[in-house]
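# Commentary on secondary and tertiary structure
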Amino acid sequence: MTGTTTSSASDLAAITEVLRRGQDAWNAGDGAAYGACFTNDATDVTFVGTVYHGAAEIGRAHQALFDSFLKDTLLTIEIVEIRRYGDAAVVLTRGEVAKGTPKKLGKLATYTLVRQADGQWRIAAVQKTKHKPLMETVSFTFQPATRPSS
């Protein structure tokens, strides 16, 4: 993990654990367990641009996906950085959904997690996108100022 701000080791472990539980639920095809990782008013913007609201809807919709389009898929997540802001955290991940081990982690997701009144960390929002290296190269070539510093 890189990019972490001053945080207690227990908070970082709890934040990481929520993402691991979500990954495990996905890999088990368990929409209810996946939805339980989210707040009751969460927002999930999927890779295809669908917006789901709330833990119950996220769980229900993902169960339908796990039973059809995403059947037998595995979610692989690598945490790139965690930044803490009081009782909130922004987590950048690389990942992929595939049947079996992915060749590369070509998707990025930005998670916002919050510590709720019960002390538990849950996902309040997630936005997923596909990394497009060719488009990045074109952009950096024709406009070098668009290249990030890190």
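The sections below set out a description of the structure shown in this document. (Residues numbered from 1 in each chain as written. Predicted model: local features only at pLDDT ≥ 70, side-chain atom pairs only at ≥ 80, totals over all residues. Heavy atoms only, no water.)

## So, the overall build of the protein chain
- Helix and strand counts for the protein chain come out as four helices and six strands.
- The secondary structure elements of the protein chain, listed N-terminal to C-terminal, are α-α-β-β-α-β-β-β-β-α.
- Taking the principal axes of the C-alpha coordinates as reference, the protein chain spans close to 45 × 40 × 25 Å.
- In the protein chain, which comprises 150 residues, the proportion classed as buried is 35%.
- Long-range contacts, defined here as pairs at least 24 residues apart, represent 49% of the contacts in the protein chain between residues at least 6 apart.
- Element-wise, carbon and sulfur atoms account for 57% of the exposed surface of the protein chain, whose accessible area totals about 8600 Å².
- Positive and negative side-chain charges of the protein chain, numbering 17 and 15 respectively, have mean locations separated by a distance of 7 Å. (Helix = DSSP H or I, 4+ residues; strand = E, 2+ residues; numbered from the N terminus. Buried < 20%, exposed > 50% of the residue type's maximum accessible area, 1.4 Å probe, protein only. Contact = heavy atoms within 4.5 Å. Areas by Shrake-Rupley, 256 points an atom, 1.4 Å probe, with all protein chains shown as cover. Lys, Arg positive; Asp, Glu negative; His and termini not counted. Charge placed at Lys NZ, Arg CZ, Asp CG, Glu CD.)

## Some words on the pairing of strand S6 (residues 121-130)
- Across four bridges, the pairing between strand S1 (residues 38-45) and S6 is parallel. Bridge assignment links Phe38 to a residue of S6, and that residue is Ile123.
- Sheet topology note: the strand S5 (residues 107-115)/S6 ladder contains nine bridges and is antiparallel. For Ala109, the partnering residue across the bridge sits in S6 and is Lys128.
- Connecting S5 to the antiparallel partner S6 that follows it, the hairpin turn spans five residues, and Gly119 within it adopts a positive phi of roughly 85°. (Pairing = 2+ DSSP bridges.)

## As for the pairing of strand S4 (residues 88-98)
- In this sheet, S4 lies alongside strand S3 (residues 74-85) in antiparallel orientation, the contact comprising 11 bridges. Its bridge partner being in S4, Leu74 is matched across the sheet by Ala98.

## Concerning a nonpolar patch on the surface
- Taken together, the side chains of Leu134, Val138 and Phe142 define a hydrophobic patch exposed on the protein surface, amounting to about 360 Å² of accessible area.
- Topologically, Leu134 is positioned in helix H4 (residues 133-142).
- Exposure remark for Leu134: the relative accessible area of 64% places this residue in the exposed category. (Patch = residues over 30% accessible without salt bridge, like charges linked within 9 Å, V, L, I, M, F, W, Y side chains within 5 Å. Salt bridge = Lys/Arg side-chain N within 4 Å of Asp/Glu carboxyl O.)

## Comments concerning helix H3 (residues 55-66)
- Helix length check: H3 (12 residues) gives 16 Å between terminal C-alpha atoms against 16 Å at 1.5 Å per residue, within 8%.
- Among all positions in H3, only Ala55, Ile58, Gly59, Ala61, His62 and Phe66 are buried.
- Summarising the contacts, the buried residues of H3 are in contact with helix H1 (9-28), helix H2 (31-35), S1, strand S2 (51-53) and S6. (Expected span 1.5 Å × (residues − 1).)

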